[in-house]
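# Working through the structure, step by step
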Amino acid sequence: MAIVRTEAFVLKAFRFGETSMIYRLLTRDRGVVPVIARGARSPRSRLGAAVNAFRRLDITYYDKPGREIQTLSQAEVLSEHRQIVSSLEKLETAGRWFRFLRSILPDGAPAEPLYALAVTALDRLERVGPSRLSRWETYHRAAAAGLLGLAPRLEACLACERPLPDGRELAFSIEDGGLACHACAPGLRPLAGTEYALLALYHHPDWTLLEELGEPDGDEHAHGRAPGRRQSRCSRPTTG
């Protein structure tokens, strides 16, 4: 049995028995790790007081090979993100993003890049204005998908593989996770120039550029979803 100390966020929490909790953690060093915190629901439990959603935690747990759920022994709060937990809108936005992470994280997902993205994402969410919460969520969905190789393919037609012109007579297929030329997708609505520009910007994430944009419009909200698990037609991972 090894004693592991690392940083973590709570992805999901379950009640277990009368006084304990099971947490699914996104850790800095080992990816997703399920742990049990015995007695965490007791009013005097330091573990229960520390381990909450959207807090960055310094944790220690006992790792036993072959065991599905490890045992959490200590947890200290490194960052509380008070601006998030005090805002219903930001809480809902952060909750959706963490549920998205849970839905796309495969076994053996790269731990450090995704953890670093979560640290940066919540720090940004603390500062972002109410009108830009959708932009924050869209950007960080795209960044997470890019780290896992799930970014939409934009450089070639997903059907005929020919290089695509920049934004002319193109259509985007959510189901297939990429762009198609007009000849291969006559039934899909062509993208407007602004829609293509947004796809390109989210495909090559640069938060500084997004922060400098004006207020979000309808096009941005309509194209604010990262693709699902269609790995075969996706580009290689991008950085966030």
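See the structure above.
Residues numbered from 1 in each chain as written. Predicted model: local features only at pLDDT ≥ 70, side-chain atom pairs only at ≥ 80, totals over all residues. Heavy atoms only, no water.

## Some details on the overall build of the protein chain
Note the following rule: Every helix listed is a DSSP run of H or I at least four residues long, and every strand listed is a run of E at least two residues long, numbered separately from the N terminus. Remark: exposure states derive from per-residue accessible area (1.4 Å probe, protein chains only) relative to the maximum for the residue type, with buried under 20%, exposed over 50%, and partly exposed in between. Note on contacts: a residue pair qualifies if any of its non-hydrogen atoms lie within 4.5 Å across the two residues. For accessible areas, the Shrake-Rupley method is used with a probe of radius 1.4 Å. Any residue's cover is judged against the shown protein chains and nothing else.
The secondary structure content of the protein chain amounts to 8 helices and 7 strands. Classification of the 240 residues of the protein chain by burial places 50% in the buried group. Sequence-distant contacts in the protein chain: of pairs separated by 6 or more residues, those separated by 24 or more amount to 60%. For the protein chain, the exposed surface amounts to about 12600 Å²; the carbon and sulfur share of it is 49%.

## Concerning the environment of Lys 12
Its place among the elements puts Lys 12 in strand β1 (residues 2–16). Residues Lys 12 and Arg 102, spaced 90 residues apart in sequence, show a C-alpha to C-alpha distance of 8.5 Å. Sequence-distant contacts of Lys 12, that is, excluding residues within four places in its chain, are made with Ile 22, Tyr 23, Arg 24 and Arg 102.

## A look at unusual backbone geometry
Although it is not a glycine, Phe 54 adopts a positive phi angle of roughly 70°. When you line up the elements, Phe 54 lands in the loop between α1 (46–50) and β4 (56–63). You can call Phe 54 buried: its relative accessible area is 9%. Its identity as a non-glycine residue notwithstanding, His 81 has a phi of 55°, on the positive side. With respect to the helices, strands and loops of the structure, His 81 is situated in the loop between β5 (70–79) and α2 (82–85).

## What about the nonpolar core?
Here is the rule we go by: Note on terminology: a nonpolar core comprises buried Ala, Val, Leu, Ile, Met, Phe, Trp, Tyr and Cys residues joined through side-chain atoms within 4.5 Å.
With 31 residues, the main nonpolar core has Trp 97, Leu 122 and Leu 125 as its most contacted residues. Broken down by secondary-structure element, the contributors of at least two residues to this core are β1, α3 (88–104), α4 (111–127) and α5 (133–147). Beyond its immediate stretch of four places on either side in the chain, Trp 97 contacts Leu 117, Ala 118, Ala 121, Trp 136, Glu 137, His 140 and Arg 141.

## Remarks on the environment of Thr 71
Tracing the backbone through its elements, the reader meets Thr 71 in strand β5. Those residues in contact with Thr 71 that sit more than four places away from it in its chain are Ile 36, Thr 60, Tyr 61 and Tyr 62.

## Description of the pattern of salt bridges
Going by this rule: Counted as salt bridges are all cases of a side-chain nitrogen of Lys or Arg within 4 Å of a carboxyl oxygen of Asp or Glu.
According to the stated counting rule, one finds 9 salt bridges in the structure shown. Note that Arg 5 is salt-bridged to Asp 58, the shortest N-O span being 2.8 Å. You can see Arg 5 sitting in strand β1 and its partner Asp 58 sitting in strand β4, a full 53 residues away along the chain. Using a relative accessible area of 60% as the deciding quantity, one classes Arg 5 as exposed. A single network of salt bridges, built from pairs that share partners, joins Glu 7, Arg 28, Asp 29 and Arg 56.

## A word on the sheet that holds strand β3 (residues 31–37)
Formally: Note: two strands are recorded as paired if DSSP finds a minimum of 2 bridges between them. Comment: axis = line fitted to C-alpha atoms, over the contacting stretch for helices; angle = value between 0 and 180 degrees taken between N-to-C directions.
Reading around the circumference, β1-β2-β3-β5-β4 is the order of the 5 strands in this closed barrel, with mixed pairing throughout. Taken pair by pair, the neighbouring strands of this sheet meet at an average axis angle of 50°, ignoring direction. Sheet topology note: the β1/β4 ladder contains 7 bridges and is antiparallel. Bridged to Thr 6 within β4 is Ile 59. Contacts from α3 reach β1 and β2 (20–27) within the one sheet, and its direction differs from that of β1 by about 110°. Each of β1, β2, β3 and β4 is contacted by α4, which is oriented at about 65° to β1, the strand it contacts most.

## As for the packing of α3 against α4
The angle between the axes and the distance between the axes are what describe a pair of packed helices. Put simply, the test is: When describing relative orientation, an angle under 35 degrees is termed roughly parallel and one over 145 degrees roughly antiparallel, while 65 to 115 degrees is termed roughly perpendicular and anything else oblique. Whether a crossing is left-handed or right-handed is set by the direction in which the near helix is turned from the far one by less than a right angle, anticlockwise for left-handed and clockwise for right-handed. Amino acids are sorted into nonpolar (Ala, Val, Leu, Ile, Met, Phe, Trp, Tyr, Cys and Pro), charged (Asp, Glu, Lys and Arg) and polar (every other residue, Gly among them).
One way to put it is that α3 packs onto α4 with a least axis distance of 11 Å and a crossing angle of 160°. As judged from the angle between their axes, α3 and α4 are roughly antiparallel. Judged by the twist between their axes, the crossing of α3 over α4 is right-handed. Together, Lys 90, Ala 94, Trp 97 and Phe 98 of α3 and Leu 117, Ala 118, Ala 121, Leu 122, Leu 125, Glu 126 and Arg 127 of α4 make up the contact between the two elements. Grouping the constituent residues of the contact of α3 with α4 by class yields 8 nonpolar, no polar and 3 charged.

Everything listed is a geometric property; what it means functionally is a separate question.
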